[in-house]
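One letter stands for each residue in the lines below.
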Amino acid sequence: MLRTIPYFGPVRVALLLATMQTPWRFRTKRQLWAYAGLAVVTRSSADYVLVDGQAVRRRRAPLTRGLNRNHNRLLKHVFKSAATAARARPGPLQDWHRALVARGLREPLADVTLARKLAALTLRLWKKGERYDPTQLTQQAR
C-alpha cells in the first residue's frame, strides 16, 4: 500500500519499512517529523528583563533556529528526495508546491513543507491500511 503513494518506488518503500519498522512508533505526525529531521526548532534566551527591579517576561516570540539536528538521516533523505521528485514532475503535489511559493513562502521552506506533507501522508495511510487516493487530498494540498 505504501507503493501507491506518488514518488515512493520499491527502494524508498523498502528503506521506510526497514527504518520505521512500524507506524505505531509514532503517535502523531509531529513525532515522525522530529524523528525524520523535519521538525522546526525554536530557542529562546533572555526571556526575562529587569524593569524597576522586577523580572518581567518579554513578549518577543522565540526565534526559529532551523530543523532539528538529532534525526535519522536515512529517513530524512527518503522524504526529501520524494519531495524533490514531486516538485519536479507534474501533478497535484507540484501544484501545491507552486501555490506555496506563489503565496510568498521561500523555495527551501516550501520543499521542507512538501516533505512534511509526504511524511504525514505516509504515516496516515500506513496506520489506516488505505491506498493513496488523490481525490482524498484536502483542498489545501491540491
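Along each chain, numbering runs from 1 in the same order as the chain's sequence is written. Restriction of local features to residues with pLDDT of at least 70 applies here, the model being predicted, together with a cutoff of 80 or more for giving and counting side-chain atom pairs; totals for whole chains, interfaces and linings are based on all residues. Hydrogens and waters are ignored; side-chain quantities use all the structure's heavy atoms.

Q: Please clarify how the layout of surface pockets should be interpreted in this entry.
A: Gaps left between atoms are located by rolling a probe of water-molecule size over the structure's atoms. Think of a 1 Å grid over just the protein atoms. A cavity is a set of points where a 1.4 Å probe fits yet cannot get out, a pocket is an open set with protein on both sides within 12 Å along at least five of seven lines, and lining residues have an atom within 4 Å of a point. Grid points are joined across faces, edges and corners, and a volume is the space filled by probe spheres set on the points. In this structure, the second largest pocket occupies an estimated 200 Å³ of space. In terms of lining, the second largest pocket is formed by Arg 43, Ser 44, Ser 45, Ala 46, Asp 47, Arg 57, Arg 58, Arg 60, Ala 61, Pro 62, Leu 63 and Arg 65. Per-class residue counts for the lining of the second largest pocket are 4 nonpolar, 2 polar and 6 charged. Throughout, the ten residues Ala, Val, Leu, Ile, Met, Phe, Trp, Tyr, Cys and Pro are labelled nonpolar, Asp, Glu, Lys and Arg are labelled charged, and all others, Gly among them, are labelled polar.

Q: How should I be thinking about a positive patch on the surface in this particular structure?
A: A cluster of basic side chains, namely Arg 43, Arg 58, Arg 60 and Arg 65, defines a positive patch on the protein surface. Looking at where Arg 60 falls in the secondary structure, it is placed in the loop between strand S3 (54-57) and strand S4 (63-67). Nonpolar side chains (Val, Leu, Ile, Met, Phe, Trp, Tyr) are joined into patches within 5 Å and like charges within 9 Å, using only residues with over 30% relative accessible area and no salt bridge. All accessibility values rest on the Shrake-Rupley procedure with a 1.4 Å probe; residue burial counts only the protein chains present in the view. The rule for a salt bridge is simple: a side-chain nitrogen of Lys or Arg has to be within 4 Å of a carboxyl oxygen of Asp or Glu. The convention is simple: Lys and Arg are positive, Asp and Glu are negative, and His and the chain ends are not counted. A charge is said to be at NZ when it belongs to Lys, at CZ for Arg, at CG for Asp and at CD for Glu. Runs of H or I in DSSP of at least four residues are treated as helices and runs of E of at least two as strands, each being numbered from the N terminus.

Q: I'm lost on the packing of aromatic side chains in this one. Help?
A: For any pair of aromatic rings, the description rests on two quantities: the centre-to-centre distance and the angle between the ring planes. Any two rings among Phe, Tyr and Trp, with Trp reduced to its six-membered ring, count as a pair given centres within 6.5 Å; such a pair is stacked if its planes are under 30 degrees apart, edge-to-face if over 60, and tilted if neither. Summed over all chains, the structure comprises 2 aromatic pairs. Where Phe 26 meets Tyr 35, the ring centres are 5.3 Å apart and the plane angle is 50 degrees; that geometry is what we call tilted. Whether a charge lies above a ring is judged from NZ of Lys or CZ of Arg, which has to be within 6 Å of the ring centre and within 35 degrees of the ring normal. The lysine or arginine in question, Lys 117, covers the ring of Trp 96, its NZ or CZ lying 5.7 Å from the ring centre.

Q: How should I be thinking about the pattern of salt bridges in this particular structure?
A: Inspection of the entire model under this criterion finds 3 salt bridges. The salt bridge involving Arg 87 is made with Glu 107; its shortest N-O contact spans 3.6 Å. Pair noted here: Arg 87 is in helix H3 (residues 73-88) and Glu 107 is in helix H5 (residues 107-128), with a separation of 20 residues, a long-range link. Residues Arg 87 and Asp 111 are paired through a salt bridge, measuring 2.9 Å at the closest nitrogen-oxygen approach. One end of the pair, Arg 87, is in helix H3; the other, Asp 111, is in helix H5, and 24 residues separate them in sequence. Beyond isolated ion pairs, a larger network of salt bridges with shared partners links Arg 87, Glu 107 and Asp 111.

Q: Explanation requested: the packing of helix H4 (residues 92-102) against H5 in the structure shown.
A: In a pair of packed helices, the angle between the axes and the distance between the axes together describe the arrangement. Axis definition: a line fitted to C-alpha atoms, over the contacting stretch in the case of helices. Angles run 0 to 180 degrees between N-to-C directions. Look at H4 against H5: their axes get within 9 Å of each other, and the N-to-C directions meet at 140 degrees. On the basis of their axis angle, the class for H4 and H5 is oblique. In this structure, the crossing between H4 and H5 has a hand that is right-handed. On the side of H4, the interface is formed by Leu 93, Trp 96, His 97, Leu 100 and Val 101, while H5 contributes Glu 107, Ala 110, Asp 111, Thr 113, Leu 114, Lys 117 and Leu 118. In terms of residue class, the contact of H4 with H5 is made up of 7 nonpolar, 2 polar and 3 charged. If an angle is under 35 degrees, it is roughly parallel; if it is over 145, roughly antiparallel; if it lies from 65 to 115, roughly perpendicular; otherwise it is oblique. Crossings are classed by handedness, with left-handed meaning an anticlockwise turn of the near helix from the far one by less than a right angle and right-handed meaning a clockwise turn. It only takes one pair of heavy atoms within 4.5 Å for two residues to be counted as in contact.

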